[in-house]
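Residues per chain, in single letters:
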Amino acid sequence: MNKKMVTRVLILLIAIVLLTLFFSFDLHQKMTLEGLKSGLAQLHAWRDAAPLQMALGYFLIYVVATALSLPGALVLTLAGGAIFGFVQGFVLVSFASTIGATLAFLAARYVLRDWVQQRFGEKLKPMNDGIEKEGAFYLFTLRLVPVFPFFLINLLMGLTKMRTLTYYWVSQLGMLAGTVIYVNAGTQLAAIDSLKGIVSPAIVLSLAALGLFPLITKKILDIFKKNKIYSKWNHLKPKKFDRNVVVIGAGAAGLVTSYIAAAVKAKVTLVEAHKMGGDCLNYGCVPSKALIKSAKLAQQIRQADHYGLTASQPEFSFRQVMARVNEVVKKIEPHDSVERYTELGVEVLQGYGRVLNPWTVEIKDEHGVTQTLTTRSIVIAAGAQPFVPALPGLDEVGYVTSDTLWEKFSAFDAPPKRLVVLGGGPIGCELTQSFARLGVQVTQIEMSGRLLSREDAEVSEILTESMRSDGVTILTEHKALRCERKEVNGLTVKSIVVEHEGVERHIEFDELLCAVGRVARLQGYGLEELGIPTQRTVVTNEYLETLYPNIYAAGDVAGPYQFTHTAAHQAWYASVNALFGQFKRFKVDYSVIPAATFTSPEIARVGLNEQEAVQKGIAFEVTRYGIDDLDRAIADSTDHGFVKVLTVPGKDKILGVTIVGEHAGDLLAEFVLAMKHGLGLNKILGTIHTYPTLAEANKYVAGEWRRAHTNPAVMKWLARYHAWRRG
């Protein structure tokens with residue numbers, strides 16, 4: 001048993017001993033109004049004989065009683081006024097009650113907080129965040145309202161991450177009003193026949209009204225703060241507005257925001273400087289998945305012998321492969337087109353949007369013609385762009401990103417012979433594997449220790465093995481130092497210099513793809529002039545409001561996730577809060593966010609994985625089902641991968657799911673639904689799944705959990721019962 005555990009046990013034993021003594025000697029009978037009144041003469045005599053010792057004894061008794069949450073705190077407070085008078089009684093009670101409350105707070109923290117935070121850390125995160133931001137304010141409010149038992153406040157606050165010093169001074173201040181009332185009542189003890197006269201509905205209501213004072217004050221301060229923010233712009237605020245909302249950016253967040261606004265008959269203008277559909281349609285999700293499909297088919301031709309067919313090298317035109325990618329984009333384009341959104345009631349303007357003040361947006365078209373619109377609300381949905389590292393020589397050798405490769409590579413008759421990919425995240429891995437399967441010699445460079453470092457180590461290992469079998473050279477723990485361009489025998493030779501364990505290495509290439517992440521587009525929208533804070537993204541609160549409550553940000557420009565589906569998710573909150581926030585605002589719910597990497601095998605996840613759970617100190621159990629045992633996967637020769645579910649220890653509540661295998665992204669949907677609506681593994685186990693399908697893996701992992709949680713004793717009795725039934 002470690003030192004901390006011994007201390008915890010010691011604290012509990014001391015508390016148990018003191019409580020036992022308290023009730024064994026019937027001290028709870030003494031701490032009643034009748035007991036106080038009957039012994040008041042003796043208490044006065046002791047006070048007169050030894051005033052200092054009496055005050056110290058009373059102080060210590062009050063501290064211990066409060067620390068142990070003993071009944072009779074109100075009577076002890078009355079005793080302070082009755083024995084010592086108002087001034088001295090007030091001072092003694094004020095400090096004794098606060099010190100005792102702080103000791104109870106610390107005891108709860110030391111004995112229980114680690115366990116509670118470890119077991120319920122994810123659930124408590126919103127409360128911890130709230131306590132960190134405005135905990136002092138809410139504690140002050142609770143201390144003013146006697147409806148909430150103070151001992152309960154002591155214990156519950158101890159389980160949070162509030163600073164001890166903050167807890168002490170806020171409690172001292174917050175309990176002053178109640179202390180004044182009860183100590184003063186104690187000075188009139190002879191006239192008190194019942195505690196009901198003190199804790200009367202009128203007194204409770206008065207204190208409750210006093211407790212509302214901080215809330216009213218906060219509301220007034222919020223209004224004052226809002227007015228202060230807008231003060232330099234108020235003279236520009238129009239009396240009438242051209243639009244209800246103006247949206248800057250026509251990616252996923254901007255499109256969904258505009259769609260919702262038009263659907264509820266708001267007047268909305270969508271401003272886009274480049275292509276409708278944003279990065280996902282034009283450079284990301286859509287073209288990459290089209291390329292992945294062609295690359296996968298090429299690989300299946302090479303592996304046709306796995307299906308009883310003759311394997312061969314695929315023959316194809318790279319130009320035609322890229323032309324198909326472009327055709328797929330064009331086929332989906334109408335879904336996000338100007339024409340479609342115009343029909344939906346959205347005014348779409350092609351041009352660059354810039355916020356001039358909190359209610360005015362300037363739109364400049366490609367010819368330099370500008371127009372301005374006034375609007376009640378603005379939504380910034382400018383998206384993100386590839387991050388290009390400041391690597392010496394990079395511009396000289398030339399490079400492509402996940403945005404620019406499509407246009408450049410579409411002009412090639414053949415793929416580049418040698419491709420270097422910088423970055424081992426989802427984008428880098430998807431493109432690396434695709435080009436390798438199309439016959440490109442690909443070298444992937446990653447500075448960290450493994451690919452997909454946010455996933456569990458076993459996931460990275462499976463993907464690394466798969467990509468190496470596709471011919472990819474993977475260099476992890478290699479740092480890119482510089483790029484070089486030389487003329488050798490009349491030919492241009494391009495290379496990148498990397499460092500591993502102190503040794504430099506030159507890697508020659510024909511094309512270099514930078515895929516080291518994406519950064520929010522923060523420049524050119526007027527954010528700087530308005531003083532809207534930006535870090536890696538636009539800084540927003542839980543309602544997606546920026547510094548100005550009528551200016552919102554959504555999608556990649558706002559973070560914290562860079563997924564198309566998350567951008568669309570945020571768009572609902574941005575649009576509803578922008579249009580109806582004066583009545584009701586909604587905090588963005590990030591509790592269930594799915595993600596998928598479309599490599600082979602696919603990798604999909606929702607909620608926690610093991611490494612995140614360990615980092616956050618969240619207790620969990622792991623249940624695993626190997627897809628190599630699944631009938632449909634065996635029939636399809638895709639019998640590799642697994643479904644891994646993290647649950648609350650001893651319960652079927654799902655904390656997170658990781659799936660590695662064919663169509664993992666599709667299989668994940670059932671778990672996303674379950675987590676969103678609080679359904680456990682038993683519900684999935686009790687659901688009929690079509691045979692033979694890959695989706696049966698979800699049911700089987702639930703079955704594995706159920707089998708692991710059967711009670712051995714019950715099984716023994718069942719065996720005996722059936723034996724008895726057989727005679």
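Structural data are supplied above this passage.
Residues numbered from 1 in each chain as written. Predicted model: local features only at pLDDT ≥ 70, side-chain atom pairs only at ≥ 80, totals over all residues. Heavy atoms only, no water.

(A) Structural detail: the overall build of the protein. Regarding its fold elements, the protein presents 27 helices and 22 strands. By residue count, 44% of the 727 residues in the protein fall in the buried class. Put simply, of all contacts in the protein between residues at least 6 apart along the chain, 66% involve residues at least 24 apart. Counting only carbon and sulfur atoms, one obtains 60% of the accessible surface of the protein, whose full area is about 37,500 Å². (Helix = DSSP H or I, 4+ residues; strand = E, 2+ residues; numbered from the N terminus. Buried < 20%, exposed > 50% of the residue type's maximum accessible area, 1.4 Å probe, protein only. Contact = heavy atoms within 4.5 Å. Areas by Shrake-Rupley, 256 points an atom, 1.4 Å probe, with all protein chains shown as cover.)

(B) Quick look at the pairing of strand S1 (residues 243-248). Within S1, 5 of the 6 residues are buried, which leaves it mostly tucked inside the rest of the structure. The sheet contact formed by S1 and strand S2 (residues 268-272) spans 4 bridges and is parallel. The partner of Val247 across the bridge, within S2, is Leu270. (Pairing = 2+ DSSP bridges.)

(C) How the structure looks around the nonpolar core. Ranked by internal contacts, the top residues of the largest apolar core, which has 34 residues, are Leu291, Leu405, Trp406, Phe435 and Leu513. For this core, the secondary structure elements donating two or more residues are helix H13 (285-302), helix H14 (318-332), helix H17 (405-410), strand S9 (418-422), helix H18 (426-437) and helix H19 (457-469). Ignoring any residue separated from it by four or fewer positions in sequence, one finds Leu291 in contact with Val321, Met322, Val325, Trp406, Leu431, Ser434, Phe435 and Leu438. In this structure, Phe241, Val246, Val361 and Ala520 belong to the second largest nonpolar core, which totals 28 residues. (Core = buried A, V, L, I, M, F, W, Y, C linked by side-chain atoms within 4.5 Å.)

(D) Structural context of the pattern of salt bridges. Across all of its chains, the model carries 26 salt bridges by this definition. Here Arg632 makes a salt bridge to Asp636, at a shortest N to O gap of 2.9 Å. The class for Asp636 is partly exposed, based on a relative accessible area of 26%. Linked through salt bridges whose partners overlap, the residues forming this network are Asp456, Glu458, Glu610, Arg624 and Lys644. (Salt bridge = Lys/Arg side-chain N within 4 Å of Asp/Glu carboxyl O.)

(E) Focus on the packing of H13 against H18. Remark: H13 packs on H18, axes separated minimally by 8 Å, with the N-to-C direction vectors making an angle of 40 degrees. The orientation of H13 relative to H18 falls into the category oblique. Every pair of crossing elements has a handedness; the one defined by H13 and H18 is left-handed. Residues Ser288, Lys289, Leu291, Ile292, Ala295, Lys296, Ala298, Gln299 and Arg302 of H13 touch H18, and the partners they reach there are Glu430, Leu431, Ser434, Phe435 and Arg437. The class makeup of the residues in the contact of H13 with H18 is 6 nonpolar, 3 polar and 5 charged. (Axes fitted to C-alpha atoms, helices over the stretch in contact; angles between N-to-C directions. Parallel < 35°, antiparallel > 145°, perpendicular 65-115°, else oblique. Left-handed = near helix turned anticlockwise from the far one by under 90°. Nonpolar A, V, L, I, M, F, W, Y, C, P; charged D, E, K, R; others polar.)

(F) Expanded view of the sheet that holds strand S19 (residues 602-607). The strand order across the open sheet built from 5 strands is S18-S19-S22-S21-S20, with neighbouring strands paired in antiparallel fashion. Of all strands in the sheet, those with a lone pairing partner are strand S18 (594-597) and strand S20 (621-626), marking the two edges. Across the sheet, the mean angle from the axis of one strand to that of its neighbour is 10 degrees, orientation sign disregarded. As judged from the 4 bridges shared by S18 and S19, these two strands associate in the antiparallel manner. Among the inter-strand pairings, Ala595 is bridged to a residue of S19, identified as Arg605. Sitting on the sheet, helix H26 (residues 696-708) touches S20, strand S21 (642-647) and strand S22 (654-661), and the angle it makes with S20 is about 135 degrees.

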